[in-house]
Amino acid sequence: MTDLNVQTRQREIATEHLLFKLIEYVEGKHPGVLDYLEASLDHLGDPATDASKDDEGVRRIARKMISGARRG
């Protein structure tokens, strides 16, 4: 794995952790935020313009993140 790949993976892990914690905090202060985010997923898509485009794959990841925050 190249240094750039390692940095990208580490950045993704750190970002995901901080996002989860932020979502948990906001949900604690404003119950319903997770429901609001979940309801918005129909509008989420993959901006790729090539064969790698996978809107449902992006939504699946977002659903897993919301589910993880609910368990938080």
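Each remark here, short or long, concerns the structure printed above.
First, a word on scope: everything that follows refers to the structure included in this document. Here the structure is a predicted model, which is why all the values come from computation and not from measurement. (Residues numbered from 1 in each chain as written. Predicted model: local features only at pLDDT ≥ 70, side-chain atom pairs only at ≥ 80, totals over all residues. Heavy atoms only, no water.)

### Some thoughts on the side chain of Asp46
Here is step 1 of the chain: Within the secondary structure, Asp46 is located in the loop between helix H2 (33-39) and helix H3 (55-71).
Here is step 2 of the chain: Comment: no salt bridge for buried Asp46; closest opposite-charge side chain is Lys53, at 5.5 Å.
Here is step 3 of the chain: Polar side-chain contacts of Asp46 include one of 3.0 Å to the backbone nitrogen of Asp54.
Here is step 4 of the chain: When residues no more than four places from it in sequence are discounted, the contact partners of Asp46 are Ser52, Lys53, Asp54, Asp55 and Val58. (Helix = DSSP H or I, 4+ residues; strand = E, 2+ residues; numbered from the N terminus. Buried < 20%, exposed > 50% of the residue type's maximum accessible area, 1.4 Å probe, protein only. Lys, Arg positive; Asp, Glu negative; His and termini not counted. Salt bridge = Lys/Arg side-chain N within 4 Å of Asp/Glu carboxyl O. Polar contact = N/O pair within 3.5 Å; in protein donor to acceptor, adjacent residues only side chain to side chain. Contact = heavy atoms within 4.5 Å.)

### Side note on the environment of Asp50
Here is step 1 of the chain: Here Asp50 shows up in the loop between H2 and H3.
Here is step 2 of the chain: Note: C-alpha distance between Asp50 and Thr15 (35 residues apart in sequence) is 26 Å.
Here is step 3 of the chain: At a separation of 2.5 Å, a polar atom in the side chain of Asp50 contacts the side chain of Ser52.

### What to know about the packing of helix H1 (residues 3-29) against H3
Here is step 1 of the chain: One can describe the packing of H1 onto H3 by two numbers: an axis separation of 9 Å at closest approach and a directional angle of 55°. When the axis of H1 is compared with that of H3, the two are oblique. Seen from above, H1 lies across H3 with right-handed handedness. For the pair H1 and H3, contact is made by Glu16, Leu19, Phe20, Ile23 and Glu24 and by Met65, Gly68 and Ala69, respectively.
Here is step 2 of the chain: Classifying every residue of the contact of H1 with H3 gives 5 nonpolar, 1 polar and 2 charged. (Axes fitted to C-alpha atoms, helices over the stretch in contact; angles between N-to-C directions. Parallel < 35°, antiparallel > 145°, perpendicular 65-115°, else oblique. Left-handed = near helix turned anticlockwise from the far one by under 90°. Nonpolar A, V, L, I, M, F, W, Y, C, P; charged D, E, K, R; others polar.)

### Describing the pattern of salt bridges
Here is step 1 of the chain: Across all of its chains, the model carries 7 salt bridges by this definition.
Here is step 2 of the chain: When the shortest N-O distance is used, the salt bridge between Arg70 and Asp35 registers 2.9 Å. Placement of Arg70 in helix H3 and of Asp35 in helix H2 is noted, with a sequence separation of 35 residues between them.
Here is step 3 of the chain: Of the residues examined, Arg70 reaches a relative accessible area of 41% and is grouped as partly exposed.
Here is step 4 of the chain: In this structure, Glu38 engages Arg70 in a salt bridge whose closest nitrogen and oxygen atoms are separated by 3.0 Å. One end of the pair, Glu38, is in helix H2; the other, Arg70, is in helix H3, and 32 residues separate them in sequence.
Here is step 5 of the chain: Sharing partners across several salt bridges, the network here consists of Asp35, Glu38 and Arg70.

These values are about where atoms sit, not about what they do.
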